[in-house]
Amino acid sequence: FPVTILEGEEAKEKLETARREIAQILHCRSTEVFFTSGGTESLNLAIFGVVRAVKKEKDFLPHLIVSTIEHAAVLEPIKFLLEQKEIEVSFVGPDENGKIKPESIEKEIKENTVLVVVQHSNNEIGTIQPISKIAKIIQSYRNQNKKYYPYFLSDASQSVCLEDVSIERLQVDLLVLDGIKMYGPRGAGLLIARRNVRMAPMIFGGGQEAGLLS
């Protein structure tokens with residue numbers, strides 16, 4: 001049967017209602033909620049989007065700070081960008097308890113640092129990282145240097161059902177969630193990107209999700 005305009009409008013309204021409800025739960029704006037096909041796409045979009053936006057605007061090699069215990073959906077894009085010589089990276093390892101110390105992040109921040117990536121809860125050992133403390137360090141650096149970089153990206157897919165992962169609490173710039181990790185459907189993911197975050201689109205030709213998945 002042909003789909004009527006009314007049915008299309010109903011589908012769009014359901015999508016926008018879900019966007020508003022998610023925004024209320026995560027304490028962000030509905031315009032900061034982007035739907036993807038899953039956590040992997042969300043992480044790739046965030047990493048590639050930030051790096052390529054920077055390369056369009058700035059005349060320097062972007063520097064990233066990444067924990068060594070990130071999910072493969074973070075480490076593989078980072079590996080690819082390194083091989084293409086599009087970035088430089090400082091890898092930060094955990095302590096004996098599996099924690100990333102905020103001060104270890106702080107000492108790696110430099111003039112060309114554009115993104116810090118630390119998973120909220122590790123997918124193998126389950127440790128909860130001190131995300132809000134790391135966020136304060138990053139925000140302090142930005143304020144002191146009057147810069148909007150580096151952004152802070154955190155994957156909270158593993159902890160969303162057990163912890164408060166709202167933007168208000170974690171104070172991150174980019175937050176990733178995966179539907180399948182919270183009893184949702186496979187093929188559904190979220191990228192929360194604060195309105196100050198500059199990202200280049202990763203896919204072209206469609207115009208979805210405010211042009212990020214165009």
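Above this text sits the structure in question.
Summarised in this report is the structure supplied together with it. Since this is a predicted model, take the numbers as computed values, not measurements. (Residues numbered from 1 in each chain as written. Predicted model: local features only at pLDDT ≥ 70, side-chain atom pairs only at ≥ 80, totals over all residues. Heavy atoms only, no water.)

1. With respect to the environment of S90
Inference 1: Inspection of the secondary structure assignment puts S90 in strand β3 (residues 88-92).
Inference 2: For S90, a relative accessible area of 13% corresponds to the buried category.
Inference 3: Between the alpha carbons of S90 and E108 there is a distance of 6.8 Å; along the sequence they are 18 residues apart.
Inference 4: If sequence neighbours within four positions are ignored, S90 has contacts with H63, L64, I65, V66 and E108. (Helix = DSSP H or I, 4+ residues; strand = E, 2+ residues; numbered from the N terminus. Buried < 20%, exposed > 50% of the residue type's maximum accessible area, 1.4 Å probe, protein only. Contact = heavy atoms within 4.5 Å.)

2. A word on the packing of aromatic side chains
Inference 1: If you walk through the whole model with that rule in mind, you get four aromatic pairs.
Inference 2: On the basis of an interplanar angle of 50° and a centroid distance of 4.5 Å, the ring pair of Y148 and Y149 is categorised as tilted.
Inference 3: The exposure class assigned to Y148 is partly exposed, which follows from its relative accessible area of 25%.
Inference 4: The exposure class of Y149 is buried, given its relative accessible area of 4%.
Inference 5: By way of ring pairs, the aromatic residues Y148, Y149 and Y151 are connected into one cluster. (Phe/Tyr/Trp six-rings, centres within 6.5 Å; stacked < 30°, edge-to-face > 60°.)

3. Remarks on the side chain of S166
Inference 1: Tracing the backbone shows S166 in the loop between β5 (151-155) and α6 (167-170).
Inference 2: Given a relative accessible area of 1%, S166 falls into the buried group.
Inference 3: Once residues lying within four places of it in the same chain are set aside, the contact partners of S166 are I25, L26 and H27.

4. Notes on the pattern of salt bridges
Inference 1: Evaluation of the coordinates by the stated rule reveals nine salt bridges.
Inference 2: E86 serves as the salt-bridge partner of R52, at 3.6 Å between the closest nitrogen and oxygen. Residue R52 is found in helix α2 (residues 39-57), and its partner E86 is found in the loop between α3 (72-83) and β3; the two are separated by 34 residues along the sequence.
Inference 3: Classification of E86 as buried rests on a relative accessible area of 15%.
Inference 4: Here E57 ties to R198 by a salt bridge, and the two come within 3.1 Å at their closest N and O atoms. Of the two residues, E57 is situated in helix α2 and R198 in the segment after β7 (189-193); the sequence distance between them amounts to 141 residues. (Salt bridge = Lys/Arg side-chain N within 4 Å of Asp/Glu carboxyl O.)

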